[in-house]
Amino acid sequence: MKTVYETRTWNYRGEEYEYIHTSYRCEDTGELFTTCESDDAGFFQVTNQYRVKYGIPFSDEIVAIRNRYGVSASKMSAILGIGANQWRLYESGEVPSVSNGRMIRSIMNPKVFLDLVESARQVLSDKEYMSISEKVKTVISQAKEYHTDNYERKRIFRTVRGQENGYSPLSLSRLKTVILMVLNECGEVFCTKMNKLLFYIDFLSYQQRGMAITGLAYRAFDYGPVPDRWDKVYSEFDEIHQEPRLIGECEGNVLIAESTPDDNVLTEAEKNIIHIVCERFKNSTSREISEISHNEPAWKKYHETHARIPFSEAFSLKAI
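Quick caveat: nothing in here was measured; it's all calculated off a predicted structure. (Residues numbered from 1 in each chain as written. Predicted model: local features only at pLDDT ≥ 70, side-chain atom pairs only at ≥ 80, totals over all residues. Heavy atoms only, no water.)

**Student:** Break down the nonpolar core for me, with residues and values.
**Tutor:** A general trend in soluble globular proteins is that nonpolar side chains are found buried together. One finds Ile-179 and Met-194 to be the most contacted residues of the largest nonpolar core, which totals 51 residues. Mapped by element, the contributors of at least two residues to this core are helix H9 (172–186), helix H10 (191–209), strand E5 (218–221), helix H11 (230–235), helix H12 (268–281) and helix H14 (297–300). Per-element accounting of this core gives the leading share, 10 residues, to H10. Other than its neighbours up to four places away in sequence, Ile-179 contacts Met-194, Leu-198, Val-233, Tyr-234, Phe-237 and Ile-240. One finds Trp-87, Tyr-90, Val-117 and Tyr-129 within the second-largest nonpolar core, a separate group that totals 22 residues. (Core = buried A, V, L, I, M, F, W, Y, C linked by side-chain atoms within 4.5 Å. Buried < 20%, exposed > 50% of the residue type's maximum accessible area, 1.4 Å probe, protein only. Helix = DSSP H or I, 4+ residues; strand = E, 2+ residues; numbered from the N terminus. Contact = heavy atoms within 4.5 Å.)

**Student:** Before we move on, can you summarise the side chain of Asn-48 with the specific residues and values?
**Tutor:** One can find Asn-48 in helix H1 (residues 36–54). Overall, Asn-48 belongs to the buried group, its relative accessible area being 2%.

**Student:** Could you give an account of the environment of Trp-299, naming the residues involved and the relevant values?
**Tutor:** Following the sequence through the fold, Trp-299 ends up in helix H14. Not counting residues up to four positions away in its chain, the partners in contact with Trp-299 are Ala-220, Phe-221, Asp-222, Gly-224, Pro-225, Ser-293 and His-294.

**Student:** Kindly report on the packing of aromatic side chains, identifying the contributing residues and their values.
**Tutor:** Applying the stated criterion to the full structure yields 20 aromatic pairs. When the ring of Trp-10 is compared with that of Tyr-19, the centres are 5.4 Å apart and the planes differ by 65°; the resulting orientation is edge-to-face. Residue class for Tyr-19 comes out buried when judged on its relative accessible area of 8%. Taking 5.1 Å as the distance between ring centres and 70° as the angle between the ring planes, the aromatic pair formed by Phe-199 and Tyr-200 counts as edge-to-face. The lysine or arginine in question, Arg-121, covers the ring of Tyr-129, its NZ or CZ lying 4.0 Å from the ring centre. Across the ring face of Phe-58, the terminal group of Arg-161 is positioned such that the distance to the ring centre comes to 3.8 Å. (Phe/Tyr/Trp six-rings, centres within 6.5 Å; stacked < 30°, edge-to-face > 60°. Lys NZ or Arg CZ within 6 Å of the ring centre and 35° of its normal.)

**Student:** Go over the packing of H10 against H12 with me, naming the residues and quoting the values.
**Tutor:** Relative orientation of the contacting elements H10 and H12 amounts to 135°, with a least axis distance of 9 Å. Taken together, H10 and H12 sit at an angle that is classed as oblique. The two elements H10 and H12 cross, and the hand of that crossing is right-handed. For the pair H10 and H12, contact is made by Lys-193, Leu-197, Tyr-200, Ile-201, Leu-204, Ser-205, Gln-208 and Arg-209 and by Ala-269, Glu-270, Ile-273, Ile-274, Ile-276, Val-277 and Phe-281, respectively. (Axes fitted to C-alpha atoms, helices over the stretch in contact; angles between N-to-C directions. Parallel < 35°, antiparallel > 145°, perpendicular 65-115°, else oblique. Left-handed = near helix turned anticlockwise from the far one by under 90°.)

**Student:** Pulling in residues and values, what's your account of the side chain of Lys-196?
**Tutor:** Along the polypeptide, Lys-196 turns up in helix H10. Buried charge without a partner: Lys-196 forms no salt bridge, and the closest opposite charge is Asp-222, 11 Å away. Non-local contacts of Lys-196, meaning those with residues more than four positions away in its chain, are made with Tyr-223, Gly-224, Pro-225, Val-226, Ile-289, Ser-290 and Ser-293. (Lys, Arg positive; Asp, Glu negative; His and termini not counted. Salt bridge = Lys/Arg side-chain N within 4 Å of Asp/Glu carboxyl O.)

Structure, rendered in structure tokens:
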């Protein structure tokens, strides 16, 4: 079947949101079909916009909040007073109401959460109250380290989480894992080639899942799509070594992995997308993949101004 991409409008919670609808046309009957995956990708395109518009945390952020405080999902529901299974549903992808979403965002501040724990003391056992309170107080004492980690992320990810980075989590550990997985599958890779591999990984992920993987934004430079601050990206991690090499008469830097990736950081769907891109391009040289990327509408439309490439261009990919 032929893949068909159409710009459509989805009415979500009383508001209209544009998204790219993916369907498959039967060549014999002309009838259009969708899959669970294509329907989910469209839904996430819409709900991602809604979350950003109203400041509602994403599912992975909601999971991270609970993990940070070491509290079970049921106890989080009890502390916030939102229903026995509601927190678990939010972690599974259900979008909170605006009021609940902003309350959840507020408890990213451990002092706010500690105040809520105090307010919910009557619904906790003495043992639970003491355990949770001590854990939150420990988090407060480590706040300087937490803010340092946020600062380190901002050095690389100059954009907030949204359309410009494909709504991907801003995580140094995830970014490092992606690069190490690419090097694990492809061997040594020149920086120029890695720029294009990351572009195809993120844009293919957005096309298939409604969300990118690395958290990077991309610009259309002369040699093809390039991550913002790519020089900082590759020098950020001790586990990734750069070595100068000659390419003909020109010198370039080769990226070499000095550790193995942590497979637990990414989902199976994300790892599969990385594998698809690596299989497609692992035998391509830096020059070849650059020339391939020059045929992408995503690059052609924006290279004259070196503008950021919107992730809506993921549905115009030709090479993969």
